[in-house]
Amino acid sequence: MGSDYSSLDDILEEDMHHWYTKFMKESPSGLITLFELKSMLQMTGMTEEAGSYVDQVFFTFDMDGDGYIDFVEYIAAISLLLKGEINQKLKWYFKLFDQDGNGKIDKQELETIFKAIQDITRNYDIPPEEIVNLIYEKIDVHGEGELTLEEFISGARDHPDIMEMLSKMMDLTNVLEIIVSGQQKNAVN
């Protein structure tokens, strides 16, 4: 197998044995801890918001809540990010945004995540407050200041501009590229 991929879709299409080999090389115990994920993503010196975002990503991928990402969870996460249906991705976004786990997203939770994403991507084109206000203006039809899962999904689907903005902001392909390139470097060394 070559070290160049024509697209990230090609990454997922590799055979499971190859993915398993990569996973076990990166994490010989067969489990990835939060610390190991941050090391893989080269997350040193990040802001507190960026660190808490990575924590939240980890906890949403840790589907059984045992504090580790195992191979099945790892493949499920990559599959969701690369090939997931819109509703699946929106449910994942919601779970990621709902930091306190109360089943609703408030403006503060959304703004915190968007600030963290900007800290990681270093893209500060639109202030997070502006993004959050736009989302709530269009989606929070009852003006409650909170969004339920149903409101979030239907609102995002009904507003293509919101959907596009969420897709761009939540695009984690750069994270996958870091993981894959890091694993390729390790394979060469």
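Residues numbered from 1 in each chain as written. Predicted model: local features only at pLDDT ≥ 70, side-chain atom pairs only at ≥ 80, totals over all residues. Heavy atoms only, no water.

Novice: I'd like a rundown of the nonpolar core, residues and numbers included.
Specialist: The tendency in soluble globular proteins is for nonpolar side chains to be buried as a group. If you look at the biggest cluster of nonpolar residues, it comprises 48 residues, and the most contacted ones within it are Y53, F97, F114, I135 and L166. The element best represented in this core is helix α5 (residues 71-83), accounting for seven residues. Not counting residues up to four positions away in its chain, the partners in contact with I135 are L110, F114, D140, L147, I162, M165 and L166. (Core = buried A, V, L, I, M, F, W, Y, C linked by side-chain atoms within 4.5 Å. Buried < 20%, exposed > 50% of the residue type's maximum accessible area, 1.4 Å probe, protein only. Helix = DSSP H or I, 4+ residues; strand = E, 2+ residues; numbered from the N terminus. Contact = heavy atoms within 4.5 Å.)

Novice: Describe the side chain of E111, and please don't skip the residues or the numbers.
Specialist: One can find E111 in helix α7 (residues 107-121). Those residues in contact with E111 that lie beyond four places of it in its chain are P128, E129 and V132.

Novice: Mind laying out the packing of aromatic side chains, listing which residues take part and the relevant values?
Specialist: The final tally for this structure, using the stated rule, is eight aromatic pairs. Ring geometry for F97 against F114: centres 5.6 Å apart, planes inclined by 75°, an arrangement best described as edge-to-face. With F97 in helix α6 (residues 86-97) and F114 in helix α7, this pair connects stretches of sequence that are 17 residues apart. The exposure class assigned to F97 is buried, which follows from its relative accessible area of 0%. Looking at F114, the relative accessible area reads 0%, which means it is buried. Aromatic rings pair up to connect F61, W92, Y93, F94, F97, F114 and F152 into one cluster. (Phe/Tyr/Trp six-rings, centres within 6.5 Å; stacked < 30°, edge-to-face > 60°.)

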